[in-house]
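# Descriptive structure summary
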Amino acid sequence: MGGMSTIYLDNNATTQPLDDVIETMNRMLRDEYANPSSVHPLGQAVRHRVECARAQVAALIGAEPRDVVFTSGGTESINLAIRGLLAQRPDRKRVVTSTVEHSAVRNLCHQLAREGIVVDEIGVDADGRLDLAQLEHALTDDVALLSLMWANNETGVLFDVESAASLASQRGVPLHLDAVQAAGKVHINAADLPVQLLSISAHKFHGPKGAGALFVRKRTRIKPQLIGGRQERDLRAGTENVAAIVGMGIAAEAAGRVSDAERNRVAALRDRLEQGIRERVDRAMVNGAEAPRIANTTNIGFRDLAAEALLILLGDAGVCVSSGSACSSGSLEPSHVLAAMNVDPRFAHGAIRFSLSRFTTDDEIDRVLEIVPRVVERLAATGSH
Ligand code: PLP
């Protein structure tokens, strides 16, 4: 993508689909286009493909295939989980979540607050770790649902989901985990965790965009949010996006096959990148460095520089990365994640996320370590930051 010299380190935004995913999806679109609800042999062949994909996705998260509902992606899974569960418990008007959630959860919770739900946001420490004491306090009898992310998309910080899940289960509060950035990067075993709902998205683990899944534990009742046909055990109406579902299955199986050695290789590359930038750029600070993190992510703040300017210069130099900040109505809003971590605004405004994948090479990291200090120096010298 983008020619030989482009270095793609934006894998938390989206990943490159595997060749096998692309080829199989092409074949599905061309040859196996029947509706899986049709009873004729072509329809049933496609039904079989969808059920194979369900088993592949279930295996990645340690679930039973019958507990996996296909959706159009992480955002839809999250909306189905949270709204679907709240609709089943109209007597409970409180939702507990964290201050560092992805906008899919965060903005939904803001909307729920406008609809009369009380939303409690649990804080994090300076390295992005969840405040478990505050969580314990917040899990009162009137809580309908606890929704937490597993891995943070901006910093890669992993929440202690085992402790959070055990607190929730002691209090009888259902738990939804946004595992969109965790799936394929950490071991997930839904069978072992007291979690009722868990969202994942295919395009974060080398599958297609617009395909996701919601794990719904047996006996957890949620209300469908799309009304229509009876697909997905009545939980998600609409003719299945068969090619994308099959592509997601292939990506899930491949992600499950990634060895520890391969994960360690990515972690070592990330560490080398992080260490190298720290050594070469004195204004660099790693956010969340002391917390457990997914192996592929580092979020680095460059003091007194603007992330947007850095992104443009890095892009011109062939390095594709993202910032945690969002530019809204002309003013640069620092990331809510870094703000919740109390990161000094001088560093937060210049925060860049580098997110690697199993396709990232040693050579690419070498080149980034040459380019970043040069770009930082150039920007600092212009004084226009
Ligand atoms: N949750 C997290 C943590 C994410 O990083 C993302 C995607 O960026 C989403 C949810 C939304 O997923 P999707 O893009 O599939 O809607």
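A brief report on the enclosed structure follows. These numbers come from a predicted model, not from an experiment.

Rules of the game
Residues numbered from 1 in each chain as written. Predicted model: local features only at pLDDT ≥ 70, side-chain atom pairs only at ≥ 80, totals over all residues. Heavy atoms only, no water. Near = heavy atom within 4 Å. Polar contact = N/O pair within 3.5 Å; in protein donor to acceptor, adjacent residues only side chain to side chain. Areas by Shrake-Rupley, 256 points an atom, 1.4 Å probe, with all protein chains shown as cover. 1 Å grid on protein atoms, 1.4 Å probe; cavity = no way out; pocket = protein on both sides within 12 Å on 5 of 7 lines; lining within 4 Å. Sits in = over half its atoms within 2 Å of the grid points. Helix = DSSP H or I, 4+ residues; strand = E, 2+ residues; numbered from the N terminus. Nonpolar A, V, L, I, M, F, W, Y, C, P; charged D, E, K, R; others polar. Buried < 20%, exposed > 50% of the residue type's maximum accessible area, 1.4 Å probe, protein only. Contact = heavy atoms within 4.5 Å. Salt bridge = Lys/Arg side-chain N within 4 Å of Asp/Glu carboxyl O. Pairing = 2+ DSSP bridges. Axes fitted to C-alpha atoms, helices over the stretch in contact; angles between N-to-C directions. Points joined across faces, edges and corners; volume = space filled by probe spheres on them.

### Considerations on the site of the ligand
Neighbouring residues of the ligand: 13 residues in total, closest Gly74, Thr75, Asp178, Ser201 and Lys204. Separating an oxygen atom of the ligand from a side-chain N or O atom of histidine 102 is a distance of 3.2 Å. Between the ligand and glutamine 181 there is a distance of 2.8 Å, counted from an oxygen atom to a side-chain nitrogen or oxygen. Isolated, the ligand exposes 390 Å² of accessible area, and the fraction of that covered by the protein chains is 86%. Judged by the fraction of its atoms near the pocket grid, the ligand is located in the largest pocket. Per-element accounting of the shell around the ligand gives the leading share, 3 residues, to helix α3 (residues 74-88). Considered class by class, the residues forming the shell around the ligand number 3 nonpolar, 8 polar and 2 charged.

### Comments concerning the environment of glycine 212
Its place among the elements puts glycine 212 in strand β8 (residues 212-216). For glycine 212, a relative accessible area of 0% corresponds to the buried category. Apart from the residues lying within four places of it in its own chain, the contact partners of glycine 212 are Val69, Phe70, Thr71, Ser72, Gly73, Ser77, Ile200, Ser201, Ala202 and Met248.

### Here's the deal with the pattern of salt bridges
The full count for this structure, using the stated rule, is 23 salt bridges. Across the salt bridge formed by glutamate 274 and arginine 293, the nearest N and O atoms sit 2.9 Å from each other. You can see glutamate 274 sitting in helix α8 (residues 260-280) and its partner arginine 293 sitting in the loop between β9 (284-287) and β10 (297-302), a full 19 residues away along the chain. Comparing glutamate 274 with arginine 293, the two get one shared label, buried.

### Quick word on the sheet that holds strand β5 (residues 143-149)
On the basis of which strands lie adjacent, the open sheet formed by 7 strands has the order β2-β8-β7-β6-β5-β3-β4 and mixed pairing. Edge positions in the open sheet fall to β2 (68-71) and β4 (118-122), since each of these has one partner strand only. Here the strands of the sheet are splayed against their neighbours by 20° on average, with no regard to which way each runs. Relative to β8, strand β7 (residues 197-201) is paired through 5 bridges, and the arrangement is antiparallel. Paired with leucine 198 across the two strands is phenylalanine 215, which belongs to β8.

### A word on the layout of surface pockets
Within this model, the largest pocket holds a volume of roughly 530 Å³. Lining the largest pocket are 33 residues, and of these His102, Ser103, Ala104, Asn153 and Glu154 lie nearest its centre. For the lining of the largest pocket, the leading source of residues is helix α4 (residues 103-114), giving 5 residues. A breakdown of the residues in the lining of the largest pocket according to their chemical character gives 8 nonpolar, 18 polar and 7 charged.

Don't take any of this as a statement about function, it's just geometry.
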